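# Fold and geometry: a report
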Amino acid sequence: MPERRIETLISAQELAKRIKEIGETITRDYEGKSLHMIGVLKGSFLFMADLVRAIDPMKVHLTCDFLTISSYGDATKTTGEVKLVADLTTSISGRNIMVVEDIVDTGLTLHYLIENLRTRQPQEIKLCSLLHKPAGKRVDVPIDYLGFEIPDKFVVGYGLDDRQEMRGLPFIGHVVES
């Protein structure tokens, strides 16, 4: 069995700095408005928690919900089949919503999700993704707020996993097989 090691791609300090900047931008864009953030579990939970704390609660009327969607299972590549595993707990009709995702790779999962959410008649749908891997793109999905564009590497940490492990790394790393 090959030995694996993790090389840092984005440090914890770089993550914190960029998330603070995104939060400040969202605060400016939604000042005096309501925003309902939808975290895509499981990968987005750390990013969304830090992002929510980076948005000024005195300026933006922020609420949150989560859903679980799967296109990977326990694999490292998407199966191409998207499945809604757990749905929202509140209505999004007439609301400004922002989908918070850990990574946009092929775009298949987010395209499916956004089309699904549009049928529920929100006022608007925006997308905030921590990472974008354009080399894997199969469907174009506009990202309104982006943390980092990354190369075509398998990444883990800060919520992203390798077969449900390594989510707790405080940085984004890529797996190097030796």
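Conventions used here
- Residues numbered from 1 in each chain as written.
- Predicted model: local features only at pLDDT ≥ 70, side-chain atom pairs only at ≥ 80, totals over all residues.
- Heavy atoms only, no water.
- Axes fitted to C-alpha atoms, helices over the stretch in contact; angles between N-to-C directions.
- Helix = DSSP H or I, 4+ residues; strand = E, 2+ residues; numbered from the N terminus.
- Parallel < 35°, antiparallel > 145°, perpendicular 65-115°, else oblique.
- Left-handed = near helix turned anticlockwise from the far one by under 90°.
- Contact = heavy atoms within 4.5 Å.
- Nonpolar A, V, L, I, M, F, W, Y, C, P; charged D, E, K, R; others polar.
- Pairing = 2+ DSSP bridges.
- Core = buried A, V, L, I, M, F, W, Y, C linked by side-chain atoms within 4.5 Å.
- Buried < 20%, exposed > 50% of the residue type's maximum accessible area, 1.4 Å probe, protein only.
- Phe/Tyr/Trp six-rings, centres within 6.5 Å; stacked < 30°, edge-to-face > 60°.
- Lys NZ or Arg CZ within 6 Å of the ring centre and 35° of its normal.
- Disulfide = S-S within 2.5 Å.

### Regarding the packing of helix α1 (residues 12–30) against helix α2 (residues 45–54)
At their nearest, the axes of α1 and α2 sit 8 Å apart, and the two run at 55° to each other. By the angle between their axes, α1 is oblique relative to α2. Note on packing geometry: the crossing formed by α1 with α2 is right-handed. Between α1 and α2, the contacting residues are Ile-19, Lys-20, Ile-22, Gly-23, Glu-24, Ile-26 and Thr-27 on the first element and Phe-47, Asp-50, Leu-51 and Ala-54 on the second. In terms of residue class, the contact of α1 with α2 is built from six nonpolar, two polar and three charged.

### Describing the sheet that holds strand β7 (residues 145–149)
Spatially, six strands are ordered β4-β3-β2-β5-β6-β7 in an open sheet, and the strand pairing comes out mixed. Every other strand in the sheet has two partners, leaving β4 (83–86) and β7 as the edge strands with one partner each. Across the sheet, the mean angle separating the axes of adjacent strands is 30° when strand polarity is ignored. In this sheet, strand β6 (residues 124–132) lies alongside strand β5 (residues 96–104) in parallel orientation, the contact comprising eight bridges. In the strand pairing of β6, Val-99 is matched with Leu-127.

### Observations concerning the nonpolar core
In this structure, Ile-26, Leu-51, Leu-130, Leu-131 and Ile-172 are the most contacted members of the largest nonpolar core, which totals 26 residues. Counting residues per element, the ones that place at least two in this core are α1, β2 (34–41), α2, β5, β6 and β7. Of all the elements, α1 adds the most residues to this core, at five residues. The residues contacting Leu-130, other than those within four sequence positions of it, are Leu-15, Ile-19, Phe-47, Glu-101, Asp-102, Leu-146, Gly-147, Phe-148, Tyr-158 and Ile-172.

### Notes on the packing of aromatic side chains
Applying the stated criterion to the full structure yields zero aromatic pairs. Over the ring of Tyr-30 we find Lys-33; its NZ or CZ atom is 5.9 Å from the centre of that ring.

### Side note on the state of the cysteines
One covalent bond between the sulfur atoms of two cysteine residues makes up a disulfide. All told, the structure shown has zero disulfides when counted by the stated rule. Counting only cysteine sulfurs, Cys-128 is the nearest neighbor of Cys-64, a cysteine outside any disulfide, at a range of 12 Å. Overall, Cys-128 belongs to the buried group, its relative accessible area being 0%.

These figures capture arrangement, not role.
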